[in-house]
Amino acid sequence: MDETSDTRQLLSARIEQKQQAVRSYLGRERPRRNKLSNVSVVGSALAAMLTAGPAFGGTGFTEALSRVFSLGDDSIVWRVLCLFAVLLSVAAALATNFANSHSLADRVSAAETANAQLEGLRDTLSFGHIDTDEALKLYQQYVAQVAFVDDVTPR
């Protein structure tokens, strides 16, 4: 490949463009990954807590709640606790499956790694510590890791 300044600048511009696309992807997907993870963890924990009271306290627990909330029958307490536990369990399972079905955590990690690699390549290229052929090979390697990231289209 030609070692001219124009060629280096062109490759540097492509690196920057890919970094913008990766940063845009991370800006969208990190919060999504975090929300799905939080829903999964919190939903599972709350579902367990809702079933812990009746499991450890038995009928005494449900009768006490029935009196506190002025309910005529302690079976209403059981039903409500079970309903909420089921809903939270379903929400946790859905969040986990959505995250896993799209390999969201793996993709976010790959994008973070590629972004760091592209940053280092851009710096190395701009300071002239690497020839253009080698830089192009590394660029292609790094971009291949994030093939799922669409390029940013200029406006």
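(A) Spotlight on the overall build of the protein chain. The number of helices and strands found in the protein chain is four helices and zero strands. What you see in the protein chain, going N to C, is helices and strands ordered as α-α-α-α. Since a compact globule built from 155 residues should have a radius of gyration of about 15 Å, the 26 Å found for the protein chain marks it as more spread out than a globular shape. Considering only C-alpha atoms, the protein chain reaches an extent of 85 × 30 × 20 Å along its principal axes. Counting across all 155 residues of the protein chain, residues that qualify as buried make up 28%. Considering only residue pairs separated by 6 or more positions, the protein chain has 79% of its internal contacts joining residues 24 or more positions apart. When the accessible surface of the protein chain is totalled, it reaches about 9,700 Å², and 58% of it is carbon and sulfur.

(B) Main features of the packing of helix H3 (residues 104-126) against helix H4 (residues 132-144). The geometry of H3 relative to H4 is characterised by a closest axis approach of 10 Å and an angle of 165 degrees between their N-to-C directions. The angle between the axes of H3 and H4 places the two elements in the roughly antiparallel class. Handedness of the H3/H4 crossing: left-handed. Side by side, H3 and H4 meet where Ala114, Gln117, Leu118, Leu121 and Leu125 of the first sit next to Ala135, Leu138, Tyr139 and Tyr142 of the second. Among the residues making up the contact of H3 with H4, the classes are represented as eight nonpolar, one polar and no charged.

(C) The arrangement of helix H1 (residues 5-68) in detail. Its 64 residues place the ends of H1 only 78 Å apart at the C-alpha level, less than the 94 Å of an ideal helix rising 1.5 Å per residue. Bending of H1 peaks at approximately 120 degrees at the position of Gly58. Residue Ser70 follows H1 closely and has a positive phi angle near 50 degrees.

(D) Region of interest: the pattern of salt bridges. For the structure on display, the rule yields six salt bridges. A salt bridge links Asp151 to Lys18, with the nearest nitrogen and oxygen atoms 3.0 Å apart. Taken together, the residues Asp151 in the segment after H4 and Lys18 in helix H1 connect sequence positions 133 residues apart.

(E) Spotlight on unusual backbone geometry. Even without a glycine there, the phi angle at Ser70 is positive, about 50 degrees. Exposure remark for Ser70: the relative accessible area of 67% places this residue in the exposed category. Phi is positive for Ser103, which is not a glycine, with a value near 50 degrees. Within the fold, Ser103 resides in the loop between helix H2 (75-101) and H3.

Reading the values: the criteria
Positions within a chain are numbered from 1, following the residues in the order the chain's sequence is written. pLDDT decides what is reported in this predicted model: residues at 70 or higher carry local features, side-chain atom pairs at 80 or more are listed and counted, and totals for whole chains, interfaces and linings draw on all residues regardless. Working from all heavy atoms in the structure, the side-chain values ignore hydrogens and water. In this description a helix means any DSSP run of H or I spanning at least four residues, a strand means any run of E spanning at least two, and both kinds are numbered starting from the N terminus. Our radius of gyration is a C-alpha quantity, and the globule rule it is checked against amounts to 2.2 Å times the number of residues to the power 0.38. Each residue's exposure class comes from its accessible area (1.4 Å probe, protein chains only) as a fraction of the maximum for that residue type: buried when under 20%, exposed when over 50%, partly exposed otherwise. Here, residues are in contact when the closest pair of their heavy atoms is within 4.5 Å. For every accessible area listed, the method is Shrake-Rupley and the probe measures 1.4 Å; residues are considered covered only by the protein chains on display. To get an axis, a line is fitted to the C-alpha atoms, and for a helix only the part in contact is used. The angle between two axes follows their N-to-C directions and goes from 0 to 180 degrees. Relative orientations are named as follows: roughly parallel for angles under 35 degrees, roughly antiparallel for angles over 145 degrees, roughly perpendicular for angles from 65 to 115 degrees, and oblique for any other angle. In a left-handed crossing the near helix is turned counterclockwise from the far helix by less than a right angle, and in a right-handed crossing that turn is clockwise. Residue classes follow a fixed rule: Ala, Val, Leu, Ile, Met, Phe, Trp, Tyr, Cys and Pro count as nonpolar, while Asp, Glu, Lys and Arg count as charged, and any other residue, Gly among them, counts as polar. In a helix, the anticipated span is given by 1.5 Å times the number of residues less one. At any given residue, the bend is defined as the angle formed between two axes, one fitted to the seven residues that end at that position and one fitted to the seven that begin there. Any Lys or Arg side-chain nitrogen located within 4 Å of an Asp or Glu carboxyl oxygen qualifies as a salt bridge.

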